[in-house]
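Descriptive structure summary
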Amino acid sequence: WLKNLSAGSMAVPSENSGGTADILPAERAKCSFDVEVMTRIFSSASADRAAKDSFKQLFSGEPFSSAEMRDYMSYEKRFESTLQRTAAAIALVRDPNNRKFMMSHMAGKVQMGDMFETGGLGIHFTMFLTFIKTNASEEQQKMWLERAQEGRFFGAYAQTELGHGSNVRGLETVATFDRETDEFVIHSPTLTSLKWWPTGMYACTHGVVMAQLVIDGKSYGFHGFMVQFRDDHGNLMPGVEVGEMGPKINPDNTNIGYARFSHVRVPRFNMFAKFQQVTRDGKYVAPPPKLEKFRYISMMQIRMMLVGSSFRALSHAATIAVRYSCVRKQGFKDTSSSPGVVTAAVAENAVIDYRVQQYRTFRALATAYCFYFNAMYMNRYLSRIQSAVSNGTDQERDSAAAEMPELHATLSGLKVWSTLYAHESIEDCRKACGGQGYLRSSGVCALTTDFTEPATVEGEQVILSLQTARFLIKAAAEAEAGRPVVGSVEYLNVAPMTAVEARNWQGQTQLLLDLFRDRAARFARKLSASFNKERSQGKSFDIALNAVAILAYKAAECHSLYAMVSNNHRALMELVEPGNERKAAERLLDLLMLIRLREQAGDWLGVLTEPALDSANDRINELLGEIRPDCVGLVDAFGWSDSELKSTLGRYDGNVYEAIYAEAKKSPLNERPKMLGWEHLRPILDIEFLTEGMKHQRADSRRAKL
């Protein structure tokens, strides 16, 4: 009957139709640009999307379809079903008949997350594999890399501890070299030294364990060690305790773990040794100073991926909110008309036509576009560095090492502000969907809880922002000393702007970029001056930084947002040909900058006059009106399929009411007419009253004539 319900969808309401089937096609007809051309921006080639769609049939049926009912599963069943899907997916990849899919997957054209609901073991193919590629010696890669790539064993990245997170130098786990046995003894000496929060750990057979290297009582800092967690029967190895942490905000996170090591002995070979080694006689061979920071590259990889996750999640939320806002009707166009008289003037408004709804949803839409262009830019940047580390000459490695502070600062800031802005906008999109946004079947409700993970992991927002601030302080000192600075802080070479009295913001993209550049420079200089004042009082670097931390946090945001909008603009100029598609994307960038300018207007005191700010508000309203005909086309360009959105509200065909009802019918409570648990309520009810009511209420056997 559900198939009949969908098939019965039409442009007018009926018993089996919400009457919304014609709305989104009509919206698409208004679009000012070619959606297919815009879609190619979000896919390296249209053939890639076609290939991805063709591969999805491999992942149909059980166990992949079980994910549809995960909201009704127990904690244990959620975890087990995730492993079933993972095992089935790897079996498909290994099948010689699916070689085309395997090659596309290895080339990065399709991701497992595009095919099915993955779980925590995805960390194996990202952070764990990256660490092997960038930190393992040739001999170690021969032992581990191919097996890891094929999923012959699974690895976690175990760095964070119960008592230590961002302060990696404070890690307490120790790896003591035993010269007699040629082994390292991995040990958790305190409760706070337990490894805490590693994604996928409970289901992993191995892990990169970060521990303080100790030789003859001397500590040489933290290093990575390969440790096996489970034996060939799935039981824990001697001295290893691994567990799962229990329920989190996101109910689907059933595979985040902890570990304790009690004098676990591993061979000397198991210390990652691409850049540093411990010899047989216990001599420590340190890496060249420039290359020491490459041990952080796995964390940078994850932070770059989190910018991409911000795009993915927010583009889903914007797609759902925009499409549903076009379909949903709310409020009459003319409330002064006579009640009961249905005319064009009395017809209800589409929610998307309310200006505040446009402000909320188009703001999210513009931000999602910005995140995409930034994820693309940072992916290319990091890939170049990783290539130099893995395969480059000594000169190329030295050059890559010189860029690490810039890369670290940029990724720290982008991770913080992309996830914070995305989380804020996703929740606003959920609220913009009204009551239906409270349902997990809406898709946007699940995004709100799911995205708490990217907003939380891999560095708390203040700590990471202060990492960016450290870089800004050092860059400002270089500029003040008369030495030119390059890269993301090149703005420190530019003189401050004078007062701007713009009365018309149309076509002023470059002026807006200049304003965000100038703000970043002003706050970096303010931070430097305040920091130097604290230092002049004899305070250490860290104490002085803490004294100016509030200003440092703000300066990091200004720097990061300028990087975002400038990366966005650069990508538009390089990737989008002049024409209607570029104009549509430029309108989004202008809207994003003007909204941020409006909401943070105090940051431009002395630069923007009050009339200039008033005219900025006017331009925001104009842009909302200009984007309105394009809004459905702009979310269509993301290319998300219904199976990827998993949303009753964001369906491509607009048949949202049929979908909402169909999903509600799936609840196990609806499997029988008699109420589940009736036997518990019956003793406290007035049964005679209910029986009497049965005498006076009935249903016609046929439809009543009205």
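For clarity, every value in this text was computed on a predicted model and none was experimentally measured. (Residues numbered from 1 in each chain as written. Predicted model: local features only at pLDDT ≥ 70, side-chain atom pairs only at ≥ 80, totals over all residues. Heavy atoms only, no water.)

Attention shifts here to the overall build of the chain. A count of helices and strands for the chain gives 25 helices and 13 strands. Computed over C-alpha atoms, the radius of gyration of the chain comes to 29 Å, within 12% of the 27 Å expected from 2.2 N^0.38 for 706 residues, which places it in the range of a compact globule. Going through the 706 residues of the chain one by one, you find that 51% of them count as buried. For the chain, the share of sequence-separated contacts (at least 6 apart) that also reach a separation of at least 24 residues comes to 72%. Averaging the positions of the 83 positive and the 82 negative side-chain charges in the chain gives two centres separated by 0 Å. (Helix = DSSP H or I, 4+ residues; strand = E, 2+ residues; numbered from the N terminus. Rg over C-alpha atoms; globule rule 2.2 N^0.38 Å. Buried < 20%, exposed > 50% of the residue type's maximum accessible area, 1.4 Å probe, protein only. Contact = heavy atoms within 4.5 Å. Lys, Arg positive; Asp, Glu negative; His and termini not counted. Charge placed at Lys NZ, Arg CZ, Asp CG, Glu CD.)

Our focus in this paragraph is the pairing of strand S3 (residues 183–187). Extensive coverage of S3 is indicated by the burial of four of its five residues. Across five bridges, the pairing between strand S2 (residues 174–178) and S3 is antiparallel. The residue bridging Phe177 from the neighbouring strand is Phe184, located in S3. Following S2, the chain reverses through four residues before pairing antiparallel with S3; Asp182 in that reversal takes a positive phi of roughly 60 degrees. As paired elements, S3 and strand S9 (residues 264–267) share four bridges and run antiparallel to each other. Note that in S9 the partner of Ile186 across the bridge is Val264. (Pairing = 2+ DSSP bridges.)

In this section: the nonpolar core. Tyr369 and Trp505 are the most contacted members of the largest nonpolar core, which totals 127 residues. If you tally residues by element for this core, the top one is helix H11 (residues 355–391), at 18 residues. If sequence neighbours within four positions are ignored, Tyr369 has contacts with Met38, Phe42, Asn568, Leu588, Leu634, Ala637 and Phe638. Listed in part, the 29 residues of the second largest apolar core include Ile90, Ile186, Phe225 and Val240. (Core = buried A, V, L, I, M, F, W, Y, C linked by side-chain atoms within 4.5 Å.)

The subject of this paragraph is the pairing of strand S8 (residues 256–261). When you tally the buried positions in S8, you get five out of six residues, the bulk of the element. In terms of strand pairing, strand S4 (residues 195–199) meets S8 through three bridges, oriented antiparallel. Its bridge partner lying in S8, Trp196 is registered against Tyr258. With five bridges joining them, strand S7 (residues 240–244) and S8 adopt antiparallel strand pairing. Residue pairing across strands places Gly243 opposite Tyr258, the latter belonging to S8.

Further remarks concern the environment of Ala400. Here Ala400 lies in helix H12 (residues 394–432). What makes Ala400 buried here is its relative accessible area of 2%. On a C-alpha basis, the gap between Ala400 and Gln386 in space is 8.4 Å, while along the polypeptide they are 14 residues apart.

Attention now moves to the packing of helix H15 (residues 461–480) against helix H16 (residues 509–535). Geometrically, a packed helix pair is captured by the angle between its two axes and the distance between the axes. Taken N-terminus to C-terminus, the directions of H15 and H16 make an angle of 90 degrees; their axes are 9 Å apart at the nearest point. Considering the angle they form, H15 stands roughly perpendicular to H16. Two secondary-structure elements touch here, H15 through Ala469, Leu472, Ile473, Ala476 and Glu480 and H16 through Ala524, Leu527, Ser528, Phe531 and Asn532. (Axes fitted to C-alpha atoms, helices over the stretch in contact; angles between N-to-C directions. Parallel < 35°, antiparallel > 145°, perpendicular 65-115°, else oblique.)

Next up on the list: empty space enclosed by the protein. Tallied over the entire structure, the rule returns two cavities of 30 Å³ or more. Estimates place the volume of the second largest cavity at around 30 Å³. Looking at the second largest cavity, the residues that line it are Tyr491, Val494, Ala495, Pro496, Arg517, Asp518, Ala521 and Arg525. Of the residues that constitute the lining of the second largest cavity, the class distribution is five nonpolar, no polar and three charged. (1 Å grid on protein atoms, 1.4 Å probe; cavity = no way out; pocket = protein on both sides within 12 Å on 5 of 7 lines; lining within 4 Å. Points joined across faces, edges and corners; volume = space filled by probe spheres on them. Nonpolar A, V, L, I, M, F, W, Y, C, P; charged D, E, K, R; others polar.)

Evaluation of the coordinates by the stated rule reveals 38 salt bridges. In this structure, the salt-bridge partner of Arg440 is Asp71, at a minimum N-O distance of 3.0 Å. Here Arg440 is found in the loop between H12 and helix H13 (444–450), whereas its partner Asp71 is found in the loop between helix H4 (46–55) and helix H5 (75–94), with 369 residues between them in sequence. Classification of Arg440 by relative accessible area gives partly exposed; the value is 25%. (Salt bridge = Lys/Arg side-chain N within 4 Å of Asp/Glu carboxyl O.)

What follows deals with the packing of aromatic side chains. Within the structure shown, the criterion is met by 28 aromatic pairs. Between the aromatic rings of Trp196 and Tyr258, the centroid separation amounts to 5.1 Å while the plane-to-plane angle is 25 degrees, which identifies the pairing as stacked. Residue Trp196 is located in strand S4, and its partner Tyr258 is located in strand S8; the two are separated by 62 residues in the primary sequence. These aromatic residues form a ring-pair network of at least three members: Phe42, Phe311, Tyr369, Tyr372, Phe373, Phe638 and Trp640. A cation over an aromatic ring shows up here: Arg28 above the ring of Tyr652, its NZ or CZ 3.6 Å from the ring centre. One residue, Arg230, lies across the ring of Tyr202, its end atom 5.0 Å from the ring centre. (Phe/Tyr/Trp six-rings, centres within 6.5 Å; stacked < 30°, edge-to-face > 60°. Lys NZ or Arg CZ within 6 Å of the ring centre and 35° of its normal.)

Per-residue confidence for the chain gives a mean pLDDT of 89, with 93% of residues at or over 70. Considering only residues more than four positions removed or in separate chains, one finds that residues 1–6, a stretch of pLDDT under 50, has seven contacts. (pLDDT = per-residue confidence, 0-100.)

Bringing a nonpolar patch on the surface into the picture now. Residues Met675, Leu681, Ile684, Leu685, Phe689 and Leu690 make up a contiguous nonpolar surface patch of about 580 Å² in total accessible area. Among the secondary structure elements, Leu685 is positioned in the loop between helix H24 (678–681) and helix H25 (687–694). Looking at Leu685, the relative accessible area reads 34%, which means it is partly exposed. (Patch = residues over 30% accessible without salt bridge, like charges linked within 9 Å, V, L, I, M, F, W, Y side chains within 5 Å. Areas by Shrake-Rupley, 256 points an atom, 1.4 Å probe, with all protein chains shown as cover.)

Once that is clear, we can look at unusual backbone geometry. Backbone geometry places Asp182, a non-glycine residue, at a positive phi of 60 degrees. On the secondary structure map, Asp182 appears in the loop between S2 and S3. The phi torsion at Lys646 lies on the positive side, around 50 degrees, for a residue other than glycine.

If you walk across this open sheet you meet the three strands as S4-S8-S7, and the pairing is antiparallel. The sheet terminates laterally at S4 and S7, the two strands that pair on one side only. Across the sheet, the mean angle from the axis of one strand to that of its neighbour is 30 degrees, orientation sign disregarded.

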